[in-house]
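So you can see what is in the structure, the chains are spelled out below.
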Amino acid sequence: MSTETPGIDPLLALRAPRDPACDVFLTGTVFLDIIFTGLDSAPVRGTESWARGMGSSPGGVANMATALARLGLRTSLAAAFGDDHYGEYCWDALEQGEGIDLTMSHTVPGWHSPVTVSMAYEGERTMVSHGHEAPPPTAATAPAGTTPPAPAPGTTPATGPGPVFPHCPPRARAAVASLAPGRSEPWVAAAAREGALIFADVGWDETGRWDLDALPDLAHCEAFLPNAEEAMRYTRTDCPRAAAHALAERVPLAVVTLGAEGAYAVDGRTGAAAEVPAIEVEALDPTGAGDVFVAGFVTGTLADWPLADRLAFAGLTAALSVQEFGGSLSAPGWAEIAAWWQLVRTCDRQEPAALERYAFLDDLLPTTARAWPLRRAVPTIGFRQ
């Protein structure tokens, strides 16, 4: 269940009667994640490893959807769900537990839910996944107003398990997309035409070409958020900051994540750049940290914060997430953020400049917060909560 602090709406001052009911729309594959933690090392062939901790939660695109919803954004998700216990559990956890709108989602009879087993150790993770592509929704299961669109000329459709992408997504302030070489999703252009700001990340280019022109939906993006290695390969540069400036010639906002060094961003419209160092934390499980970073940056952008504040907030939310296990389980809400801010201001030997970097939180957070550290209830299949 979400532990979001009641009453915090980061967009409250900007909302108007004619605004879209949806703040952020996204679509993709929902996995059932089974997470093992407390492993001393990677599993060794021919041996049995015992984990000291375990949890279950919706994963895949649910990581991003949960992170957005816990930050107070009205989130709509389009996904396929199996009609097995796993699918029912994921649907209930997202709709009832997190308040995510699943109007655009559908249940597929006879289709089993994709599953990922994640093993976290030494700050890293190893994952094993299984799933089949979801069949097109029938007239009885398809959400209203959706059809299986054909791929754009010269592109290929998405592969792997996943939903049929909606032809007409709901009006939204923003949408989050995952780009892939040679693939175009018609819903991205449709959402952009309706005024949504498109935020996109990208995965590893298995083709090895690293060609920005092979990402047709990049033309619709407000912000592009690759990691440093991806950014440098796509721009043929040897410095992530140079890569960000090169990407800013293609998109209004280029954000390059630098891992332990933080993040660097360039506003292509103004030429302004910002860099924020990472917060040093002891990482338990990095699963979903990238999704949480994007959710934090989307929140700050929709709230019209300065670029450096957006980067700082995104980095903070990602840092808080890696201290818990599981993708959607670890996404912080305002309660966690408030508790962290209360803690660091009372710690001795904090650098004034570092505290000043997050002073913008004072205007957002409640004056009182629960003690740090916080621990969420761990959703586990088979238990009633």
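Here, every reference points to the structure presented above.
An account of the accompanying structure is given in this report. (Residues numbered from 1 in each chain as written. Predicted model: local features only at pLDDT ≥ 70, side-chain atom pairs only at ≥ 80, totals over all residues. Heavy atoms only, no water.)

Things to note about the pairing of strand 2 (residues 30-37)
Then, in step 1: In terms of burial, strand 2 is largely enclosed, as 7 of its 8 residues are buried.
Then, in step 2: Relative to strand 3 (residues 53-60), strand 2 is paired through 8 bridges, and the arrangement is antiparallel. Pairing of Phe-31 across the sheet is with Gly-59, part of strand 3.
Then, in step 3: Across 5 bridges, strand 2 lies against strand 7 (residues 115-121) in parallel orientation. (Buried < 20%, exposed > 50% of the residue type's maximum accessible area, 1.4 Å probe, protein only. Helix = DSSP H or I, 4+ residues; strand = E, 2+ residues; numbered from the N terminus. Pairing = 2+ DSSP bridges.)

Overview of the sheet that holds strand 7
Then, in step 1: A sheet is described by the order of its strands in space; here 4 strands give the open sequence 3-2-7-8, paired in mixed fashion. The open sheet has two edge strands with one neighbour each: strand 3 and strand 8 (124-130). Strand-to-strand twist in this sheet, taken as the mean axis angle between neighbours without regard to direction, amounts to 20°. (Axes fitted to C-alpha atoms, helices over the stretch in contact; angles between N-to-C directions.)

Some thoughts on the sheet that holds strand 12 (residues 253-257)
Then, in step 1: Ordered by their spatial adjacency, 8 strands build an open sheet running 4-1-9-10-11-12-13-14, and the pairing between neighbours is mixed. The open sheet has two edge strands, strand 4 (75-78) and strand 14 (273-276), and neither has a second partner. Shown here is a sheet whose adjacent strand axes are inclined to one another by a mean of 20°, direction ignored.
Then, in step 2: Bridge count between strand 13 (residues 263-267) and strand 14: 4 bridges; the pairing is antiparallel. Each bridged residue has a counterpart across the sheet, and for Tyr-264 the counterpart in strand 14 is Glu-275.

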